[in-house]
Amino acid sequence: MGVNIAGRSFLKLLDFTTEEIEYLIQLSQDFKNLKRTGTPHRYLEGKNIVLLFEKTSTRTRCSFEVGAYDLGMGVTYLEPGTSQMGSKESIEDTARVLGRFYDGIEYRGFAQETVEELAEKAKVPVWNGLTDDFHPTQMIADMLTIKENFPQGFHGLKFVFMGDAGNNVGNSLMVVCAKLGINFVACGPKEQMPKAELVEKAEAIAAERGSTVTLTEDVDEGVRDANVIYTDIWVSMGEPKELWNTRIKLLKPYQVNAEIMKKAAKDAIFMHCLPSYHDNKTEVGASVEKEFGLSELEVTDEVFESRQSVVFDEAENRMHSIKAIMYATLK
Ligand code: CP
Ligand code: NVA
């Protein structure tokens, strides 16, 4: 039987089966081919979506906008601090209003509960564009990128997340890897690991798929023979900048550098959801360098710019996969 997720919200990967996730990855590949060959695909002409951002964005916002335009849809972008939501209007009322105007709602913000409540009340599909807990649209792009590099299939690959493994991206990767039968390793300090409750869920899913979930503080053990080394920034959006000091101390041993890449498998790829502090060319990067004397943080510039790095393919895949998610839930 075919997979059908029309009318569903996309809030976290725990809500989706392996087959549904594989379908979204395949659909993303199909949309990538259509875009590459210049084949029009205005399949959702006449529909409109709204993008509600309470945190900043480049990739996610642009992916929703370009994806929507390519599908023939109209788009409204509400930038952080410019809607009534939160300060003057409850989430519930906002959802009931936007649900009458739009066919779909994207939300990026803080609490996972907010996006869950929007979805419950809006009566149209809601897409989670990142919360403090999860970043599910990123996962479809990431898995497409892995599929492009390892066409033999996901099962049995070793995927290592280095650093702040309990953040929204680390949590989501642990779940999606478990769902797809990829052996997942969170390699970082015990203070920054995913919460025990989520680890248990991921372990149970992985057991069904014949794969593993491992948490380790040991870098050598973590990265040995890895096929994918992934990292993310050490202080996420919404976290106070005062955390840099403790995070640098905790996470510096987990910086992805050439030495670490050498311990991985020969065909290993480097991935990062971006944005990245791989040099001091950003305001945050420069101020961290001034205060702590480090010009590269979660990944060295050498690895970021190396042949093993697929970060810009990964970024491009955000557009194709967000288009697939919108199409599959709105068609
Ligand atoms: N990876 C990602 O979500 O990027 P943006 O914050 O630019 O959307
Ligand atoms: N963990 C990062 C991901 C950005 C795409 C953050 O939340 O800032």
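Up top is the structure.
Residues numbered from 1 in each chain as written. Chains lettered and ligands numbered in written order. Predicted model: local features only at pLDDT ≥ 70, side-chain atom pairs only at ≥ 80, totals over all residues. Heavy atoms only, no water.

Remarks on the site of ligand 1
Stage number 1. Lining the immediate environment of ligand 1, one finds Ser-57, Thr-58, Arg-59, Thr-60, Arg-108, His-135, Gln-138, Cys-273, Leu-274 and Arg-318.
Stage number 2. Measuring from an oxygen atom of ligand 1, one finds a side-chain N or O atom of Ser-57 at 2.6 Å.
Stage number 3. Here ligand 1 has 260 Å² of accessible area as a free molecule, and 95% of this is covered by the chains.
Stage number 4. Residues that form the shell around ligand 1 fall into these classes: 2 nonpolar, 5 polar and 3 charged. (Near = heavy atom within 4 Å. Polar contact = N/O pair within 3.5 Å; in protein donor to acceptor, adjacent residues only side chain to side chain. Areas by Shrake-Rupley, 256 points an atom, 1.4 Å probe, with all protein chains shown as cover. Nonpolar A, V, L, I, M, F, W, Y, C, P; charged D, E, K, R; others polar.)

Some thoughts on the site of ligand 2
Stage number 1. Around ligand 2, the neighbouring residues are Leu-130, His-135, Asn-167, Asn-168, Val-169, Asp-232, Ile-233, Ser-236, Met-237 and Leu-274.
Stage number 2. For ligand 2, an oxygen atom lies 2.8 Å from a polar atom in the side chain of Asn-168.
Stage number 3. At 2.6 Å from a nitrogen atom of ligand 2 is found a side-chain nitrogen or oxygen belonging to Asp-232.
Stage number 4. Taking 270 Å² as the accessible area of ligand 2 by itself, protein coverage stands at 97%.
Stage number 5. Of the residues assigned to the shell around ligand 2, the class counts are 5 nonpolar, 4 polar and 1 charged.

Describing the packing of helix H1 (residues 18-36) against helix H13 (residues 311-330)
Stage number 1. H13 packs onto H1 with a crossing angle of 115 degrees between their chain directions and a minimal axis gap of 8 Å. For the element pair H1 / H13, the angle class is roughly perpendicular. With respect to the hand of their crossing, H1 and H13 are arranged in right-handed fashion. From H1, Tyr-23, Leu-24, Leu-27, Ser-28, Phe-31, Lys-32, Lys-35 and Arg-36 reach across to H13, where they touch Glu-316, Asn-317, Met-319, His-320, Ser-321, Lys-323, Ala-324, Ile-325, Tyr-327 and Ala-328. (Axes fitted to C-alpha atoms, helices over the stretch in contact; angles between N-to-C directions. Helix = DSSP H or I, 4+ residues; strand = E, 2+ residues; numbered from the N terminus. Parallel < 35°, antiparallel > 145°, perpendicular 65-115°, else oblique. Left-handed = near helix turned anticlockwise from the far one by under 90°. Contact = heavy atoms within 4.5 Å.)

Observations concerning the side chain of His-272
Stage number 1. Relative to the assigned elements, His-272 resides in strand E9 (residues 269-272).
Stage number 2. Judged by relative accessible area, His-272 falls into the buried class, the value being 0%.
Stage number 3. Side-chain polar atoms of His-272 contact the side chain of Glu-298, separated by 2.7 Å. (Buried < 20%, exposed > 50% of the residue type's maximum accessible area, 1.4 Å probe, protein only.)

Concerning the environment of Asp-15
Stage number 1. Note that Asp-15 resides in the segment before H1.
Stage number 2. Apart from residues lying up to four places away in sequence, Asp-15 is in contact with Arg-8 and Glu-20.
Stage number 3. A polar contact of 3.0 Å, which involves the side chain of Asp-15, links it to the side chain of Lys-12.

Some details on the packing of aromatic side chains
Stage number 1. Summed over all chains, the structure comprises 12 aromatic pairs.
Stage number 2. Ring geometry for Phe-159 against Phe-184: centres 5.9 Å apart, planes inclined by 20 degrees, an arrangement best described as stacked. Taken together, the residues Phe-159 in strand E5 (residues 158-162) and Phe-184 in strand E6 (residues 183-187) connect sequence positions 25 residues apart. For the pair Phe-159 and Phe-184, a shared accessibility class is recorded, and that class is buried.
Stage number 3. Ring geometry for Trp-244 against Tyr-277: centres 5.7 Å apart, planes inclined by 65 degrees, an arrangement best described as edge-to-face. Highlighted residues: Trp-244 in helix H9 (residues 244-251) and Tyr-277 in the loop between E9 and helix H11 (283-292), separated in sequence by 33 residues. Comparing Trp-244 with Tyr-277, the two get one shared label, buried.
Stage number 4. Each member of the aromatic cluster is reached from another via a ring pair, and the members are Phe-159, Phe-161, Phe-184 and Tyr-230. (Phe/Tyr/Trp six-rings, centres within 6.5 Å; stacked < 30°, edge-to-face > 60°.)

Focus: H1
Quick reminder: α-helices carry 3.6 residues per turn. Residues three or four places apart thus point the same way.
Stage number 1. Here H1 contains 19 residues, and its C-alpha end-to-end distance of 27 Å stays within 8% of the 27 Å for a straight helix at 1.5 Å per residue.
Stage number 2. For H1, the secondary structure elements touched by its buried residues are helix H5 (136-149), helix H6 (168-180), helix H7 (196-209) and H13.
Stage number 3. Gly-38 sits one or two residues past H1 and shows a positive phi near 65 degrees. (Expected span 1.5 Å × (residues − 1).)

Notes on the nonpolar core
Stage number 1. Ranked by internal contacts, the top residues of the largest apolar core, which has 63 residues, are Ile-49, Met-143, Ile-146, Phe-159, Leu-173, Phe-184 and Met-326.
Stage number 2. Residue contributions to this core peak at 8 residues, all from H6.
Stage number 3. For Leu-173, the residues in contact, after removing those within four places along its chain, are Met-139, Asp-142, Met-143, Phe-159, Phe-161, Phe-184 and Tyr-230.
Stage number 4. One finds Ala-226, Val-256, Met-261 and Val-303 within the second-largest nonpolar core, a separate group that totals 21 residues. (Core = buried A, V, L, I, M, F, W, Y, C linked by side-chain atoms within 4.5 Å.)

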